[in-house]
Amino acid sequence: MPRTSPPQRAWPAEGNARVPYWVYQDEEIYAREQALIFRGATWSFVGLDAELPAPGDFKTTFVGDMPVVVARDGGGTLRCFENRCAHRGALICMQARGRAEKEFACVYHNWTYDLAGNLTGVAFRRGIKGQGGMPADAKPERHGPRQLRVEVFCGLVFVTLSAETPSVADTLGPEVAARVRRVMKAPVRVLGGYSQVFPNNWKLYLDNVKDSYHASLLHLFFTKFRINRLEMKGGVIMGAGGGSHVSFNMMRSDPGAGEYERAGMRTAGGDYRLEAPELLDSVDEFGDGVTLQILAAFPNFVLQQIQNSLAVRQILPKGVGRTELVWTAFGFAGDDGAMAERRIRQANLIGPAGFISMEDGAATAFVQRGVQAASDRASFVEMGGRDVASSESRVTETSVRGLWQAYRRHMGL
Amino acid sequence: MDAEAELRLRLRVEDLSARYVHCIDDDRLEEWPELFVERGRYRVTTAENHERGLPLPIVYADSRAMLRDRVAALRQANIYEPQRYRHLVSSLIVDRVDANTAEAVSNFHVVRVMQTGESMLFATGRYLDRVRLDGGRALFEERVVVLDSRAIDTLLAIPL
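Computed from a prediction, not measured in an experiment: that's the story for all the values here. Residue numbers run consecutively from 1 along every chain, following the written order of its sequence. To read the labels, note that chains go from A and ligands from 1, taken in the order they are written. Local features in this predicted model are restricted to residues of pLDDT 70 or higher, and side-chain atom pairs are both shown and tallied only at a pLDDT of 80 or more, whereas totals for entire chains, interfaces and linings draw on every residue.

### A short note on the overall build of chain B
Right, so step 1: Of the regular secondary structure elements, chain B holds three helices and eight strands.
Right, so step 2: Helices and strands in chain B line up, N terminus first, as α-β-α-β-α-β-β-β-β-β-β.
Right, so step 3: Its C-alpha radius of gyration of 16 Å places chain B within 12% of the 15 Å reference for a compact globule of 160 residues.
Right, so step 4: In terms of overall dimensions, chain B has a C-alpha envelope of 50 × 30 × 30 Å along the principal axes.
Right, so step 5: Residues are scored as being in contact if the C-beta atoms we place from backbone atoms lie within 7 Å. Here the analysis covers contacts within chain B between residues at least 6 apart in sequence; of these, 58% occur between residues at least 24 apart. Counting from the N terminus, the helices are DSSP H or I runs at least four residues long and the strands are E runs at least two residues long. Based on C-alpha atoms, the radius of gyration is set beside the globule rule, defined as 2.2 Å times the residue count to the power 0.38.

### Examining the pairing of strand β5 (residues 101-114) of chain B
Residues and elements named next belong to chain B.
Right, so step 1: Only strands that DSSP links by at least two bridges are regarded as paired with each other. Looking at chain direction, strand β3 (residues 83-89) and β5 are connected through seven bridges and run antiparallel. Residue pairing for β5: Val89 is matched across the bridge by Phe108.
Right, so step 2: Of the strand pairs in this sheet, strand β4 (residues 93-98) and β5 are connected by five bridges, and their pairing is antiparallel. Looking at the pairing, Asp98 lines up with Thr101 of β5.
Right, so step 3: Strand direction decides the pairing type here: β5 and strand β6 (residues 119-132), joined by 13 bridges, are antiparallel.

### Comments concerning the interface of chain A and chain B
Right, so step 1: Opposite the 36 residues of chain A that make contact, chain B presents 31 residues.
Right, so step 2: Elements with a minimum of two residues in the side of chain A that touches chain B: β12 (188-198), α6 (221-224), β18 (323-332), α8 (337-346) and α9 (358-370) of chain A.
Right, so step 3: Of the residues forming the side of chain A that touches chain B, the biggest block, nine residues, is contributed by β12 of chain A.
Right, so step 4: Tallied by class, the residues present in the side of chain A that touches chain B amount to 23 nonpolar, eight polar and five charged.
Right, so step 5: Note that β12 of chain A and strand β8 (residues 151-153) of chain B share three bridges and pair parallel. Pairing of Gln196 of chain A across the sheet is with Ile152 of chain B, part of β8 of chain B. For this classification, Asp, Glu, Lys and Arg are treated as charged, while Ala, Val, Leu, Ile, Met, Phe, Trp, Tyr, Cys and Pro are nonpolar and the rest, including Gly, are polar.

### Thoughts on the sheet that holds strand β3 (residues 57-63) of chain A
Strand pairing in a sheet relies on backbone hydrogen bonds, with the paired strands running either antiparallel or parallel.
Residues and elements named next belong to chain A.
Right, so step 1: If you trace the seven strands from one edge of the open sheet to the other, you get β2-β11-β10-β5-β4-β3-β6, paired in antiparallel fashion. With one partner strand each, in any of the chains shown, β2 (44-48) and β6 (97-99) form the two edges of the open sheet. Direction aside, the axes of adjacent strands within the sheet are offset by 30° on average.
Right, so step 2: In the sheet, β3 pairs with β6 via three bridges, with the strands oriented antiparallel. Counterpart to Lys59 in the pairing with β6 is Arg97. For helices, the axis comes from a line fit to the C-alpha atoms of the stretch in contact; other axes are also lines fit to C-alpha atoms, and the angle between any two N-to-C directions lies between 0 and 180 degrees.

### What about the domain arrangement of chain A?
Put simply, an interface is often sized by how much accessible area is lost when its parts join up.
All names here are of chain A.
Right, so step 1: Note: domain ranges come from an automatic or database domain assignment. Entries for chain A in the domain assignment read domain 1 (44-151) and domain 2 (168-411).
Right, so step 2: Summarising the inter-unit geometry, the C-alpha centres of domain 1 and domain 2 are found 36 Å apart.
Right, so step 3: The element best represented in the side of domain 1 that touches domain 2 is β2, accounting for four residues.
Right, so step 4: Residue composition of the side of domain 1 that touches domain 2, by class: four nonpolar, three polar and three charged.

### Things to note about the environment of Gly74 of chain A
All names here are of chain A.
Right, so step 1: By the element assignment, Gly74 lies in the loop between β4 (66-72) and β5 (78-82).
Right, so step 2: Exposure classes come from backbone-placed C-beta atoms, where a residue is buried if 20 or more other C-beta atoms lie within 10 Å of its own, exposed if 12 or fewer do, and partly exposed in between. Of the residues examined, Gly74 has 11 C-beta atoms within 10 Å and is grouped as exposed.
Right, so step 3: Separated by 244 residues in sequence, Gly74 and Lys318 have C-alpha atoms that sit 33 Å apart.
Right, so step 4: Setting aside residues up to four positions removed in sequence, Gly74 forms contacts with Pro55 and Leu115.

Now the structure itself:
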């Protein structure tokens, strides 16, 4: 048997401009990410405040691999706790969402919990007729599910296990936080959701979201139908520590021809026009001319404005080579009929069948497959330089480097 | 309605259903919009959204023009790994609404076949149809595709 040397898990000397492919493949790295990132000092996005409007409303979701319950208690405060019974570790709640009266009961042995995840009852604790039951000095409460800190920022619900995680606003940094406030300007109405499952590592999706360089090259819909311009106004805003970023632009229709070809894009040939251009009939609802804003926060949150299509995306790792992306689209409670219809029409732009998003699943999976035999190699991320800084151009990988800067800090790599 | 008229109605709606899946599975997508009336509606959603009364679609069109734009985008703009579908559709329940309209319900399985040879059960669900009968051939006024699962593997390019 030929001996293979143990894998080297040192980051390349070039720093954030290289991403070693073992980060997408290694089971030990995955386990460390769960401990140091998802159960560490980061905020995990778990949903919209508007999903759980009334006391007792709950949903089940995940913080990394950890199943959690998010519930609104009797006083109206959102709570989050590990979905794991104190007794034998079974799921306490198995429904995706619902409304609980006052408590949750584990189906296995009927141990009960209040809406904050505190153990409130142990079935047959004193036994029956003096027989059985627990010792008088047993302290099952000490084995309760972990309770997470909850912060609602602009209607977005974030949770963390760590007492050290700074506030959500501080984690994002003032410029990115302002861009969250820009979108989350009014009470939200949930339009619905779905999931997209990617056959690749979770970081490949986050990396894709942070890659403003790929947008006009991979997603050809706008250019093919001559809807945007390469040099349209926009940029990238880097948040605190590199973990969060905003990429934005201001689109307008493109009367000219030839500029895409000159820039080396493969897309522009032919004169294609939408037969139903009302798809993109948009309103400048934020009053600043920004038609596209993609905002991502390490490790699992994306907020998207594409024209009048608004959505949050929650990235859930499902093992080294599998990722679930949970999309929730929303509008505002005050939307009129025309805006409600516009948002439905523009839902065609996003999600697994989105005109400008369907390629992301293919591209990230192509990387997972492409690097299968290259764990000792690294990707080359030097577009826009080698540093992590805001940029007036979207033809940059600065926010990709920002992601890896944040990742390495949490992972000690 | 006499038995013969009922049979004729069923045959017309079943013919539409069959033509629909064959034009998709045979990659004749350009014919797909022609199975709808001019202002026909096509919507793909999940059972979860459908049951909760949430309007978010995965795919939405309310005209043949929008359907043709979807096909044009798939042919000219969108990038996805070569793949084909194989639909299996259950027998239909067909109910006449009025002289020119029927409603139909059927179940489907779609197997997705990649160039690598990998086949997977890609989608299951129901078709909820409203069918116009006044022309020569039955056409969809509306086809709502209700997916049983809330999760789509990788991407949904070709219509279901």
